[in-house]
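The lines below spell out each chain.
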Amino acid sequence: MTTVQQHQKQKKHLILQIILIVGLSALLALESYFGYQLYEQSKQQEQLKEDYAMMNNITFGVFSVDLWRDKIATIVTQKIKGYKVSKKQKQEMREEVEQQLHAMINEVVNEFEKPQKGLGNKLKKFAFKQFVDPKELHEQVPSFAATIMQRINSPRTIKKLKGIATTEFKELADQTYDSTINAKIKMTSHQFKKYYVSSTPAFNKNLETRFENIRKVTYNYAYAMLGCVAAALCLWLPLRKKVYLHTPLFIMSLLFALALLIVGVTVSIIEVDARLNSLEFMLMGEKVAFQNQVLFFQSKSILGIAEVLMQQPKPDAVTVGVLIILFVIILPILRFAAGGIHLLCKPPIAENKVTRYLAFEAGKWDMADVMVVGILMTYIGLNGILKSQLTDLNIKSEMLNTSTINYTALQPGYIIFVGYVAFAIILSILLKRIYCYRHPEEFKQEDLSTKAPENA
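Just so it is clear, the structure is predicted and the values come from calculations on it, not from any experiment.

### Quick word on the overall build of the protein chain
Right, so step 1: Each helix and strand counted, the protein chain has 15 helices and 5 strands in total.
Right, so step 2: For the protein chain, the proportion of its 456 residues judged to be buried stands at 36%.
Right, so step 3: Within the protein chain, residue pairs in contact and separated by at least 24 positions form 74% of the contacts whose partners lie at least 6 positions apart.

What follows is the structure in structure tokens.
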């Protein structure tokens with residue numbers, strides 16, 4: 001091949017490399033955009049659910065004295081306002097009044113029939129016997145009782161009695177409160193202003209609608225990111241024999257993997273949400289109900305989990321947090337950098353022991369795949385425990401009905417992280433193949449696709 005032909009061939013290769021880099025850069029920008037949107041939507045969803053969980057927390061519901069007071073006060077007030085005396089109750093009341101009147105007359109008569117001391121008392125006893133006939137008084141008791149019952153059961157009297165009972169009960173209810181009332185008032189006022197609503201039902205409906213929309217959007221962005229990566233990976237098939245394109249294609253692939261890693265460790269991977277769906281029982285003939293009480297809620301990313309562990313006072317928790325940062329985040333980034341340096345730099349740097357170790361051998365210390373399995377096992381175990389515990393709270397009886405619900409689920413961040421781990425494994429294989437093409441003298445022909453490179 002002449003010099004001119006070689007020059008033309010190199011120029012053609014350069015043009016193809018530039019075209020490949022520009023095309024993959026556009027695809028990488030698209031992946032980055034999807035990743036950024038996924039991150040923003042995930043953060044928004046996490047904030048919305050934290051606000052929702054706070055507003056509907058069981059502390060401000062079933063465990064709130066104020067809420068119990070309001071529900072009981074409503075029932076009692078309605079009972080007072082709707083109170084009516086039945087015919088049977090009127091008859092029983094009349095009989096009781098007559099008994100009391102007869103007893104009073106007998107008590108007075110007995111008092112006067114006792115031996116009296118003093119001239120004044122003897123004169124009173126004499127006058128009583130002369131002018132008062134106990135038999136006549138007993139005969140007049142039914143008419144007195146009827147008059148009393150008529151006055152008691154008059155609309156005006158009943159209205160006045162209801163007013164007195166309502167006022168007394170309201171004063172008693174106002175004296176019943178707990179320490180959460182001020183916190184609840186401030187929190188409720190803040191949340192209502194934040195979401196432009198005026199009631200708790202409107203607040204819940206607003207956020208539940210947002211949850212549904214954001215959930216669909218986040219999954220769409222996650223699948224779009226993986227689609228971009230899959231498109232970049234598919235280019236290896238038609239270009240597998242174009243050795244001069246392997247380096248730019250691999251470097252761009254590393255950037256695709258880096259984007260997956262960053263999004264995968266910062267976006268929520270698991271969400272734990274346990275709720276008391278309903279609690280219903282009968283009180284004074286009226287149904288008392290509590291709905292949608294959040295027992296527990298947490299949403300965490302891998303980075304968030306590491307931060308929580310490192311903030312714990314226990315050394316073992318801090319150690320685990322540090323290990324996650326080192327072997328799930330920092331080590332993969334160093335491996336990507338070493339792979340890029342190995343392909344782009346000259347032998348003194350590319351074949352350096354540190355570079356070669358990070359590029360080819362440090363993968364055995366990478367805990368990303370372990371993290372994937374660990375998260376999955378944690379989800380399965382935690383979900384099973386929650387279902388078991390919540391099932392024990394489900395009660396169905398004549399007096400009490402309760403039902404629970406478990407919304408614990410893996411989040412789009414987990415899908416992205418799994419995609420990153422799979423892509424990183426493929427890139428490790430591709431890097432070894434590229435090395436084999438560049439250093440065929442170190443390998444036997446039959447081992448080109450499987451044997452790892454030896455140390456220089």
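### Looking at the pattern of salt bridges
Pairing is possible between side chains that carry opposite charge, provided their charged atoms lie close to one another.
Right, so step 1: By the definition in use, this model includes 5 salt bridges.
Right, so step 2: Here E271 and K49 are joined by a salt bridge, their closest N and O atoms 2.6 Å apart. Of the two residues, E271 is situated in strand 1 (residues 270-283) and K49 in helix 1 (residues 3-55); the sequence distance between them amounts to 222 residues.
Right, so step 3: Here E271 falls in the buried class, since its relative accessible area comes to 2%.
Right, so step 4: The salt bridge involving D273 is made with R275; its shortest N-O contact spans 2.9 Å. Taken as a pair, D273 and R275 share a single burial class, namely buried.

### A short note on the side chain of D273
Right, so step 1: With respect to the secondary-structure elements, D273 resides in strand 1.
Right, so step 2: Engagement of the side chain of D273 in a polar contact is seen with the side chain of R275, the distance being 2.9 Å.
Right, so step 3: Each residue touching D273, except ones within four places of it in the same chain, is listed here: V294, F296, F297, I405, N406, Y407 and T408.

### Focus on a nonpolar patch on the surface
Right, so step 1: A grouping of M310, V322, L326, I330 and L334 is seen on the molecular surface, where their side chains present a nonpolar patch of about 360 Å² in accessible area.
Right, so step 2: Here the element with the most residues in the nonpolar patch is helix 11 (residues 315-344); it accounts for 4 residues.
Right, so step 3: For L326, the position within the fold is in helix 11.

### Observations regarding the environment of A259
Right, so step 1: When you line up the elements, A259 lands in helix 9 (residues 243-266).
Right, so step 2: For the pair A259 and Y36, spaced 223 residues apart in the sequence, the C-alpha separation amounts to 9.6 Å.
Right, so step 3: Look past the residues within four positions of A259 in its chain and what remains in contact with it is E31 and M225.

### Looking at the packing of helix 1 against helix 9
Right, so step 1: Running from N to C, helix 1 and helix 9 point in directions that differ by 5°, and their axes come no closer than 10 Å. Relative to helix 9, helix 1 is oriented roughly parallel.
Right, so step 2: Considered class by class, the residues forming the contact of helix 1 with helix 9 number 18 nonpolar, 5 polar and 2 charged.

### Some remarks on the packing of aromatic side chains
Right, so step 1: A full pass over the atoms with the stated rule returns 7 aromatic pairs.
Right, so step 2: With centroids separated by 6.2 Å and ring planes inclined at 85°, the aromatic side chains of F336 and Y420 adopt a geometry described as edge-to-face. One end of the pair, F336, is in helix 11; the other, Y420, is in helix 15 (residues 412-438), and 84 residues separate them in sequence.
Right, so step 3: Residue Y420 is classed as buried on the basis of its relative accessible area of 1%.
Right, so step 4: An angle of 45° between the planes, with centres 5.7 Å apart, marks the rings of F417 and Y420 as tilted. Of this pair, F417 and Y420 both sit in helix 15, 3 residues apart, which is roughly one turn of that helix. Of the two residues, F417 and Y420, neither departs from the other in class, the shared state being buried.
Right, so step 5: One aromatic cluster in this structure is built from Y33, F34 and Y221.

### Side note on the side chain of Q41
Right, so step 1: Here Q41 shows up in helix 1.
Right, so step 2: Exposure remark for Q41: the relative accessible area of 17% places this residue in the buried category.
Right, so step 3: Excluding residues that lie within four positions of it along the chain, Q41 makes contacts with I214, V217, T218 and Y221.

### Section: the nonpolar core
One broad rule of soluble globular proteins: the nonpolar side chains tend to lie buried together.
Right, so step 1: Core analysis: the biggest nonpolar cluster contains 59 residues, and L38, F250, I302, F417 and Y420 have the highest contact counts within it.
Right, so step 2: Counting residues per element, the ones that place at least two in this core are helix 1, helix 8 (200-234), helix 9, helix 10 (302-310), helix 11, helix 13 (353-361), helix 14 (368-392) and helix 15.
Right, so step 3: When neighbours within four sequence positions are excluded, I302 is seen to be in contact with G264, V265, I269, I324, V328, M371, I375 and F417.
Right, so step 4: Ranked by size, the runner-up nonpolar core spans 12 residues in total, among them L48, M187, V197 and L207.

### Thoughts on unusual backbone geometry
Right, so step 1: The backbone of Y196 shows a phi angle near 55°, a positive value even though the residue is not glycine.
Right, so step 2: Locating Y196 in the fold gives a position in the loop between helix 7 (181-195) and helix 8.
Right, so step 3: Judged by its relative accessible area of 75%, Y196 is exposed.
Right, so step 4: With phi around 55°, N292 is a residue other than glycine that occupies positive phi space.
Right, so step 5: One can find N292 in strand 2 (residues 286-300).
Right, so step 6: Assessed through its relative accessible area of 14%, N292 is described here as buried.

### What about helix 14?
Spacing of three or four residues puts side chains on the same side of an α-helix, whose turn is 3.6 residues.
Right, so step 1: The end-to-end C-alpha distance of helix 14 is 36 Å, a good match for the 36 Å that 25 residues give at a rise of 1.5 Å each.
Right, so step 2: Buried within helix 14 we find A368, M371, V372, I375, N383, L386 and L390.

### So, the packing of helix 11 against helix 13
Right, so step 1: Close contact between helix 11 and helix 13 brings their axes to 8 Å; oriented N to C, the two are set at 115°. Handedness of the crossing formed by helix 11 with helix 13: left-handed. Taken together, the residues of helix 13 that come into contact with helix 11 (itself represented by L331, L334, R335, A338, G339, I341 and H342) are T355, R356, L358, A359 and F360.

Definitions and cut-offs
Residues numbered from 1 in each chain as written. Predicted model: local features only at pLDDT ≥ 70, side-chain atom pairs only at ≥ 80, totals over all residues. Heavy atoms only, no water. Helix = DSSP H or I, 4+ residues; strand = E, 2+ residues; numbered from the N terminus. Buried < 20%, exposed > 50% of the residue type's maximum accessible area, 1.4 Å probe, protein only. Contact = heavy atoms within 4.5 Å. Salt bridge = Lys/Arg side-chain N within 4 Å of Asp/Glu carboxyl O. Polar contact = N/O pair within 3.5 Å; in protein donor to acceptor, adjacent residues only side chain to side chain. Patch = residues over 30% accessible without salt bridge, like charges linked within 9 Å, V, L, I, M, F, W, Y side chains within 5 Å. Areas by Shrake-Rupley, 256 points an atom, 1.4 Å probe, with all protein chains shown as cover. Axes fitted to C-alpha atoms, helices over the stretch in contact; angles between N-to-C directions. Parallel < 35°, antiparallel > 145°, perpendicular 65-115°, else oblique. Nonpolar A, V, L, I, M, F, W, Y, C, P; charged D, E, K, R; others polar. Phe/Tyr/Trp six-rings, centres within 6.5 Å; stacked < 30°, edge-to-face > 60°. Core = buried A, V, L, I, M, F, W, Y, C linked by side-chain atoms within 4.5 Å. Expected span 1.5 Å × (residues − 1). Left-handed = near helix turned anticlockwise from the far one by under 90°.

By themselves, these are just geometric observations and shouldn't be taken as functional.
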